[in-house]
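The primary structure of each chain is shown beneath.
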Amino acid sequence: MKDTLNVSNIEIVDKPRLSYVPVGPHVKRNALIGAVLGLGLGGLYVVLQIVMDKRLKNKEEAENYLGIPVLCELPVLDD
């Protein structure tokens, strides 16, 4: 290297060592993080949908919210 670069003050500090442990992506850790984030965000979405739901679901809720009696109710038709 001294001859190639024409530099005289190069000194070897440590000898190189070969690592047998891969440095690449940590598959187990990434899979665990993805699973936790996926379940957490999915659960948060469901909770927010339930909390933010402002619909009246039955006759009693409509009567309590409006303060007047319900005169008729549409039946639920199942196929």
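About the thresholds
Residues numbered from 1 in each chain as written. Predicted model: local features only at pLDDT ≥ 70, side-chain atom pairs only at ≥ 80, totals over all residues. Heavy atoms only, no water. Helix = DSSP H or I, 4+ residues; strand = E, 2+ residues; numbered from the N terminus. Rg over C-alpha atoms; globule rule 2.2 N^0.38 Å. Patch = residues over 30% accessible without salt bridge, like charges linked within 9 Å, V, L, I, M, F, W, Y side chains within 5 Å. Areas by Shrake-Rupley, 256 points an atom, 1.4 Å probe, with all protein chains shown as cover. Salt bridge = Lys/Arg side-chain N within 4 Å of Asp/Glu carboxyl O. Buried < 20%, exposed > 50% of the residue type's maximum accessible area, 1.4 Å probe, protein only. pLDDT = per-residue confidence, 0-100. Contact = heavy atoms within 4.5 Å.

Asks: It is not clear to me how the overall build of the protein should be interpreted in this structure. Could you clarify?
Replies: Within the protein one finds 3 helices and 0 strands. Taken from the N to the C terminus, the helices and strands of the protein come in the order α-α-α. For the protein, whose C-alpha radius of gyration is 34 Å, the value lies well above the compact-globule estimate of 12 Å for 79 residues. When the backbone C-alpha atoms are referred to their principal axes, the protein occupies close to 100 × 30 × 20 Å.

Asks: It is not clear to me how a nonpolar patch on the surface should be interpreted in this structure. Could you clarify?
Replies: Judged by side-chain polarity, I33, L37, L41, L44, V47, L48, V51 and M52 come together as a nonpolar surface patch covering roughly 790 Å² of accessible area. Within the element layout of this structure, L48 appears in helix α2 (residues 27–51). Relative accessible area serves as the criterion here: at 44%, L48 is assigned to the partly exposed category.

Asks: It is not clear to me how the pattern of salt bridges should be interpreted in this structure. Could you clarify?
Replies: Oppositely charged side chains may form a pair once their charged atoms are brought near each other. Tallied over the full model, the rule gives 2 salt bridges. A salt bridge links D53 to R55, with the nearest nitrogen and oxygen atoms 3.0 Å apart. What makes D53 partly exposed here is its relative accessible area of 24%. Members of the salt-bridge network, linked through shared partners, are D53, R55 and K57.

Asks: In this structure, what is going on with the environment of L77? I would like to understand it.
Replies: With respect to the helices and strands, L77 occurs in the segment after α3 (59–66). The exposure class assigned to L77 is exposed, which follows from its relative accessible area of 74%. Remark: the alpha-carbon pair of L77 and G43, spanning 34 residues in sequence, is separated by 31 Å.

Asks: What should I look at first to understand the environment of P69 in this one?
Replies: On the secondary structure map, P69 appears in the segment after α3. Here P69 falls in the exposed class, since its relative accessible area comes to 60%. Each C-alpha atom of the pair P69 and D14 lies 88 Å from the other, and the pair is 55 residues apart in sequence.

Asks: I'm lost on the confidence of the model for the protein in this one. Help?
Replies: Low-confidence regions, as indicated by low pLDDT, have predicted coordinates that should not be scrutinised in detail. Summing up the model confidence of the protein, the mean pLDDT is 89 and the portion of residues at 70 or higher is 96%. Per-residue pLDDT, averaged within each element of the protein, yields its smallest value for helix α1 (residues 2–5) (73) and its largest for α2 (97).

Asks: Where do I start with the environment of E63 in this structure?
Replies: Residue placement: E63 occurs in helix α3. Residues E63 and Y20, spaced 43 residues apart in sequence, show a C-alpha to C-alpha distance of 72 Å. Not counting chain neighbours up to four residues away, the residues in contact with E63 comprise I68, P69 and V70.

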